[in-house]
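# Reading the structure
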Amino acid sequence: MRVVFMGTPDFSVPTLQALIDSPYEVVGVFTQPDRPKGRGGKVQMSPVKELALKHDIPVFQPLKMRLDGLEPLRELKPDICVTAAFGQILSQDVLDVPPMGTVNVHASLLPRHRGAAPIQWAILSGDATAGVTTMYSDKGIDTGDMLLKCETPVLPEDTAGTLSDKLAQMGAELLIDTLRQIEAGTCPREKQDEAQSTYDPKIEKEMGLLNFEEGTEKCLNRVRAMSPWPCAYAQLGEGVLKVWRAKAAEGCANAIPGTVLKADRKLGLIVATADGAMELCEIQAPNAKRMDAKAFLLGHAIEEGKLLSEVRI
RNA sequence: CGCGGGGUAGAGCAGUUUGGUAGCUCGUCGGGCUCAUAACCCGGAGGUCGUGGGUUCAAGUCCCACCCCCGCAA
């Protein structure tokens, strides 16, 4: 079976790898164009492109799939297309190319968390379980018929990063299963229940801002959901204090949310929230690298009793 | 050549402007005190100050080059 794969970030890599290792023939890979990234503005290729090149698979990087991607795709004559976090919306022209359709690997238990950032939203929403769904792509965004599903609990220590790694792996296996069952004609197919569906926007940097007026649990979820990108942060004087890891702590009855309750090299850095307090365990000051808050306090004094946003360092 | 910050003991920082004995907090090791310690007291070890050149009687500090780390912007 001739398969064309479309994907871009790390999440897509295990699925492509699984296809390469499978009996299916990966005849081409579509991925986002190389873009300037990181310090110095050097252009970098996507993780998917790196893997594809390593296996001498033809790589295509159309700016817009429906424009300059359509012809190359037709020429590849795929039986089926597989997408996983490709990053482009496929128009009907594109979906019409493979006779067996386009199967998408989506990192949520659909119909919950449609959209580009399902993993972050699962954590942000406090979901107890997350998962992967394979589905046929249609014209809408993650609205197509569902095929197979796989669940996993969201652990208290999970971040978007760790959960994404797990789901990527699960998704890869699930996809191979799905293709097998499609070939065998045994794959279940189920419409999504629109009433249960949620569509979540993509993550913006500003969504990392911690609001201590929210309860401890919501703040902790935000810390986990925004790691490793964009990373949760709190206002600290002129700059921002990134918060990589945090946990619940004992509060103080009438403290204003955002108050520094403790800033002690033994006890750590503890900030009041609306319904308690949270310890900022691993932090990162401007221009500094991430470190244990207790280590940070060895070299920096933070005044207890002030609002974190008014502290000078 | 996108903009900026940084590399000093195991950790986190000061010292660099104005060159002149390597400093703080913590950890660590040894000793003491205490019913007890996230407590306190005494003592010790631990540094080619990122790398290589240069200037100087003298460089962590000034000059040049390079390496590595980080933030912003994309």
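Here, every reference points to the structure presented above.
Note that the structure is predicted; figures quoted are calculated from it, not measured.

Our next topic: the side chain of Gln284. Turning to its location among the elements, Gln284 is positioned in strand β14 (residues 276–284). Residue class for Gln284 comes out buried when judged on its relative accessible area of 17%. Looking at Gln284, its side chain comes within polar contact range of the side chain of Trp244, at 2.8 Å. Each residue touching Gln284, except ones within four places of it in the same chain, is listed here: Val240, Leu241, Lys242, Trp244, Lys289 and Arg290.

Turning our eyes to something else, we now look at the sheet that holds strand β8 (residues 129–136). The seven strands lie next to each other as β5-β2-β1-β6-β7-β8-β9, forming an open sheet whose pairing is mixed. Every other strand in the sheet has two partners, leaving β5 (59–60) and β9 (146–153) as the edge strands with one partner each. Note: strand β1 (residues 2–7) against strand β6 (residues 80–84), five bridges, orientation parallel. Bridge pairing links Val4 to Cys81 in β6. Its contacts with the sheet place helix α3 (residues 65–76) against β1, β2 (25–30), β5 and β6, and it is angled at close to 165° to β2.

Another point: the protein's contact with RNA strand B. Contacts to RNA strand B come from 20 residues, most closely from Lys205, Arg265, Lys266, Leu267 and Ala288. Sugar and phosphate atoms constitute 59% of the interface atoms of RNA strand B, taking the interface as everything within 4 Å of the protein. Between RNA strand B and the protein, one listed contact pairs a base nitrogen with a side-chain N or O atom of Arg39 at 3.2 Å. Residue Ala288 places a main-chain N or O atom 2.8 Å away from a sugar or linking oxygen belonging to RNA strand B. Elements supplying a minimum of two residues to the surface near RNA strand B: β3 (35–37) and α8 (293–299).

Our focus in this paragraph is the layout of surface pockets. Within this model, the second largest pocket holds a volume of roughly 280 Å³. The wall of the second largest pocket is formed by 13 residues, among which Pro156, Glu157, Leu220, Arg224 and Ala246 lie closest to the centre. Split by residue class, the lining of the second largest pocket holds five nonpolar, two polar and six charged. For the lining of the second largest pocket, the domains that each give at least three residues are domain 1 (2–196) and domain 2 (205–310).

A separate point is the packing of helix α1 (residues 13–21) against helix α6 (residues 160–184). Describing two packed helices takes the angle between their axes plus the distance from one axis to the other. At a minimum axis separation of 7 Å, α1 and α6 run at an interaxial angle of 40°. The angle between α1 and α6 places the two elements in the oblique class. As for how α1 packs across α6, the hand of that crossing is right-handed. Facing Pro14, Thr15, Ala18 and Leu19 of α1, the residues of α6 in contact are Ala168, Gln169, Gly171, Ala172, Leu175, Ile176 and Leu179. Tallied by class, the residues present in the contact of α1 with α6 amount to eight nonpolar, three polar and no charged.

Cut-offs and rules
- Residues numbered from 1 in each chain as written.
- Chains lettered and ligands numbered in written order.
- Predicted model: local features only at pLDDT ≥ 70, side-chain atom pairs only at ≥ 80, totals over all residues.
- Heavy atoms only, no water.
- Helix = DSSP H or I, 4+ residues; strand = E, 2+ residues; numbered from the N terminus.
- Buried < 20%, exposed > 50% of the residue type's maximum accessible area, 1.4 Å probe, protein only.
- Polar contact = N/O pair within 3.5 Å; in protein donor to acceptor, adjacent residues only side chain to side chain.
- Contact = heavy atoms within 4.5 Å.
- Pairing = 2+ DSSP bridges.
- Axes fitted to C-alpha atoms, helices over the stretch in contact; angles between N-to-C directions.
- Near = heavy atom within 4 Å.
- 1 Å grid on protein atoms, 1.4 Å probe; cavity = no way out; pocket = protein on both sides within 12 Å on 5 of 7 lines; lining within 4 Å.
- Points joined across faces, edges and corners; volume = space filled by probe spheres on them.
- Nonpolar A, V, L, I, M, F, W, Y, C, P; charged D, E, K, R; others polar.
- Domains from an automatic or database assignment.
- Parallel < 35°, antiparallel > 145°, perpendicular 65-115°, else oblique.
- Left-handed = near helix turned anticlockwise from the far one by under 90°.

Honestly, it's all geometry; don't read function into it.
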